[in-house]
Amino acid sequence: MTNQMFCFQCEQTAGCTACTGMAGVCGKKAYTANLQDKLTGALIGLARAVEGNEEKVTESTDRVVLEGLFSTVTNVNFNDEILEELIRRVREEKEKLIPRCGECASPCGRNDDYDMQDIWTEDEDIRSLKSLVLFGIRGVAAYAYHAAVLGFKDDEINRFFYKTLLMLGVDGYEKDPLLSLAMEVGEINLKCMELLDRANTETYGNPVPTTVSLKVEKGPFIVITGHDLLDLKLLLEQTEGKGINIYTHGEMLPAHAYPELKKYSHLKGNFGTAWQNQQKEFAGISAPILFTTNCLMPPKESYADRVFTTEVVSYPEMIHIGEEKDFTPIIEKALELGGYEIDMQFTGINGGTEMMTGFGHHAVLSVADKVIDAVKAGQIRHFFLVAGCDGARPGRNYYTELVKQTPDDTVVLTLACGKYRFNDLNLGTIG
Ligand code: SF4
């Protein structure tokens, strides 16, 4: 493989066009980017082998598709060895579907892996549509993966991955079928979010509005980041009674609102702000950090010895916690580092000392009548929805500016990590 890459799958992409050359803005090296392409091409090969052999698809076929797609999401997996292992597993699954296909004396090529260069060098519109679809199903796979670890699966969603991968490997499509496919990705994504919502709420209860402190108490602690609530639950169980406190980071913040997680008294609060600030905020931290899902930036030397990964997240030389989920190495690291000697009051980026979370659909709809009454009585004039993963660049503070200017009689709702720009602001209370 060359040491040149092409990747434009996220908003960090160089010059708002594409990361090319030897490394991406996220720190992904060209070799790794090319391996991720190879993995995606192998998944398309697997989907080709599934066509006509649907009855032979097993849980392990579905599992490798989810892992393969999820591993190529931005800031998830930088580990070439793991990616190579995944490619090997994808091909092993293909072999199970069509035994000895690779040994055929007159190969038809029908089940071959796909060369992703064929997409990257396509006509601009086709490349964009296929990319939209590909990046979309990578995100859907991440949700499906999190639901699956809690035992929640959906055949329709799994079948959609094969159908979509198959279409990505067909050259010569016009725009219309790809546009329709992109719309279908959106529909399936909603189904998948519904599935994940069911998995999380049936396992951990319906979230309740909760205030989360940004203070880190003295003594040993562990920071856990990502979306995987099962990892948090297991970590809470394994640290119970050991004098170690647990703090969420990044997208793990909503975990505080789930009754079956918030019942642990050593789940104390939240550390740090948005993912893009981690290299600054983790510098010299006196605690280990467990990455469960994504948003992993290349660790700096000042804290690289305390970064742990699990599930599909991986980075070369960082300790990975395997499927047995024995968090002993992290617990020992927390005890060795000892945490802070005094309570440390950290703040959000606007100086606030706490954040709120837990306004899921159940909580909101349970007070729907009160909200409607407040609207009718003129106590609420507008709702603003701030949705998006705010850019790492300093100038992108329009979310904060908007929210700061919202009048007292308005409600601000948030999605994704753009909220870290302002969720430590005290916006007051209505009713
Ligand atoms: Fe660039 Fe990394 Fe984003 Fe790809 S994932 S566009 S390499 S920053």
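Remember, predicted model here, so these are calculated numbers, not experimental data.

**Q** Kindly report on the overall build of the protein chain, identifying the contributing residues and their values.
**A** Along the backbone of the protein chain there are 14 helices and 14 strands. Rg of the C-alpha trace for the protein chain: 23 Å, near the compact-globule value of 22 Å for 431 residues, within the 12% margin. Taking the principal axes of its C-alpha atoms as reference, the protein chain extends roughly 70 × 55 × 40 Å. With 431 residues in all, the protein chain has 50% of them scored as buried. Long-range contacts, defined here as pairs at least 24 residues apart, represent 70% of the contacts in the protein chain between residues at least 6 apart. Carbon together with sulfur atoms contributes 53% to the accessible area of the protein chain, which is approximately 20100 Å² in total. Both charge centroids of the protein chain, one from 42 positive and one from 62 negative side chains, sit 2 Å from each other.

**Q** Give a detailed account of the nonpolar core, specifying residues and quantitative values.
**A** By size, the foremost hydrophobic cluster in this structure holds 75 residues, and its most contacted members are F161, L165, L232, I246 and L261. With near-sequence residues (within four places) excluded, I246 lies in contact with I222, I224, L232, L235, L236, T239, H266, L267, K268 and G269. Membership of the second largest hydrophobic core comes to 18 residues, among which are V216, F271, F282 and I285.

**Q** Requested: an account of a nonpolar patch on the surface, with residues and values cited.
**A** Taken together, the side chains of V375, F383, L385, L413 and L415 define a hydrophobic patch exposed on the protein surface, amounting to about 450 Å² of accessible area. Where the nonpolar patch is concerned, the elements lending two or more residues are strand 13 (382-387) and strand 14 (410-415). Within the fold, L415 resides in strand 14. Relative accessible area serves as the criterion here: at 46%, L415 is assigned to the partly exposed category.

**Q** How would you explain helix 1 (residues 30-50) if you had to name every residue and give the values?
**A** Think of an α-helix as turning once every 3.6 residues; residues three or four places apart then point the same way. In a regular helix each residue adds 1.5 Å, so 21 residues correspond to 30 Å; helix 1 covers 30 Å between its end C-alpha atoms and thus fits that length. Here helix 1 lies mainly inside the structure; 19 of its 21 residues are buried. Phi for G52, located one or two positions after helix 1, is positive at around 90 degrees.

**Q** Account for the packing of aromatic side chains, with residues named and values stated.
**A** Overall, the coordinates contain 16 aromatic pairs when judged by the stated rule. Measuring from centroid to centroid gives 5.0 Å for F6 and F8, while their planes differ by 50 degrees, and the two rings are tilted. With a centroid separation of 6.4 Å and an interplanar angle of 85 degrees, the aromatic rings of F282 and F291 are classed as edge-to-face. Taken together, the aromatic side chains of F221, Y247, F271, F282, F291, Y303, Y340 and F346 make up a single cluster linked through ring pairs.

**Q** Could you give me a rundown of the pattern of salt bridges, with the residues and numbers involved?
**A** In the structure shown here, the tally under the stated rule is 25 salt bridges. Between K268 and E217 there is a salt bridge, and its shortest N-O distance comes to 3.4 Å. In this pair, K268 is assigned in strand 7 (residues 267-270) and E217 in the loop between strand 4 (215-216) and strand 5 (221-225), connecting sequence segments 51 residues apart. You can call E217 partly exposed: its relative accessible area is 27%.

**Q** Report on the environment of R198, specifying residues and quantitative values.
**A** You can see R198 is positioned in helix 7 (residues 175-204). Expressed as a C-alpha distance, the spacing of R198 and F152, which sit 46 residues apart in the sequence, is 8.1 Å. What R198 contacts, discounting residues up to four positions off in sequence, is F152 and T203.

**Q** Talk me through the environment of E237; I want residue IDs and the actual numbers.
**A** Relative to the elements of secondary structure, E237 occurs in helix 8 (residues 229-239). Once the C-alpha coordinates of E237 and V375 are considered, the two residues, 138 residues apart in sequence, prove to be 43 Å apart.

**Q** Residues and numbers for the side chain of N270, please.
**A** Within the secondary structure, N270 sits in strand 7. Under the relative-accessibility criterion, N270 is labelled buried at 1%. Among the polar contacts listed, one links the side chain of N270 to the side chain of T248, at a separation of 2.7 Å. Not counting the four nearest positions on each side in its chain, N270 is found in contact with V212, S213, L214, Y247, T248, H249, G250, L253, H256 and M355.

**Q** So what about helix 3 (residues 80-97)? Which residues, and what values?
**A** Compared with an ideal rise of 1.5 Å per residue, which puts 18 residues at 26 Å, helix 3 spans 26 Å between its outermost C-alpha atoms and is within 8% of the ideal. All of the buried residues in helix 3 are L83, L86, I87, V90, E93, K94 and L97. The arc that holds the buried residues of helix 3, viewed along the axis, is 120 degrees, so those residues lie on one side. In this structure, the buried side of helix 3 is in contact with helix 1 and helix 2 (59-71). For helix 3, the N-terminal capping position is held by N79, with its side-chain oxygen 3.1 Å away from the main-chain nitrogen of E81.

**Q** Outline the packing of helix 5 (residues 124-149) against helix 6 (residues 155-168), listing residues and values.
**A** Axis separation between helix 5 and helix 6 bottoms out at 11 Å; the angle between their running directions is 155 degrees. In terms of orientation, helix 5 lies roughly antiparallel with respect to helix 6. Handedness of the crossing formed by helix 5 with helix 6: left-handed. Together, K130, V133, L134, I137, V140, A141 and A144 of helix 5 and I157, F160, F161, T164, L165, M167 and L168 of helix 6 make up the contact between the two elements. Split into classes, the residues belonging to the contact of helix 5 with helix 6 amount to twelve nonpolar, one polar and one charged.

**Q** Account for unusual backbone geometry, with residues named and values stated.
**A** With a phi close to 60 degrees, N75 is a non-glycine residue in the positive phi region. With respect to the element layout, N75 can be found in the loop between helix 2 and helix 3. Not every positive phi belongs to a glycine, and A416 is a case in point at roughly 65 degrees. Position of A416 among the secondary structure elements: in the segment after strand 14. Residue classification places A416 among the partly exposed positions, given a relative accessible area of 34%.

How each quantity is defined
Residues numbered from 1 in each chain as written. Predicted model: local features only at pLDDT ≥ 70, side-chain atom pairs only at ≥ 80, totals over all residues. Heavy atoms only, no water. Helix = DSSP H or I, 4+ residues; strand = E, 2+ residues; numbered from the N terminus. Rg over C-alpha atoms; globule rule 2.2 N^0.38 Å. Buried < 20%, exposed > 50% of the residue type's maximum accessible area, 1.4 Å probe, protein only. Contact = heavy atoms within 4.5 Å. Areas by Shrake-Rupley, 256 points an atom, 1.4 Å probe, with all protein chains shown as cover. Lys, Arg positive; Asp, Glu negative; His and termini not counted. Charge placed at Lys NZ, Arg CZ, Asp CG, Glu CD. Core = buried A, V, L, I, M, F, W, Y, C linked by side-chain atoms within 4.5 Å. Patch = residues over 30% accessible without salt bridge, like charges linked within 9 Å, V, L, I, M, F, W, Y side chains within 5 Å. Salt bridge = Lys/Arg side-chain N within 4 Å of Asp/Glu carboxyl O. Expected span 1.5 Å × (residues − 1). Phe/Tyr/Trp six-rings, centres within 6.5 Å; stacked < 30°, edge-to-face > 60°. Polar contact = N/O pair within 3.5 Å; in protein donor to acceptor, adjacent residues only side chain to side chain. Arc of directions from axis to C-beta. Axes fitted to C-alpha atoms, helices over the stretch in contact; angles between N-to-C directions. Parallel < 35°, antiparallel > 145°, perpendicular 65-115°, else oblique. Left-handed = near helix turned anticlockwise from the far one by under 90°. Nonpolar A, V, L, I, M, F, W, Y, C, P; charged D, E, K, R; others polar.

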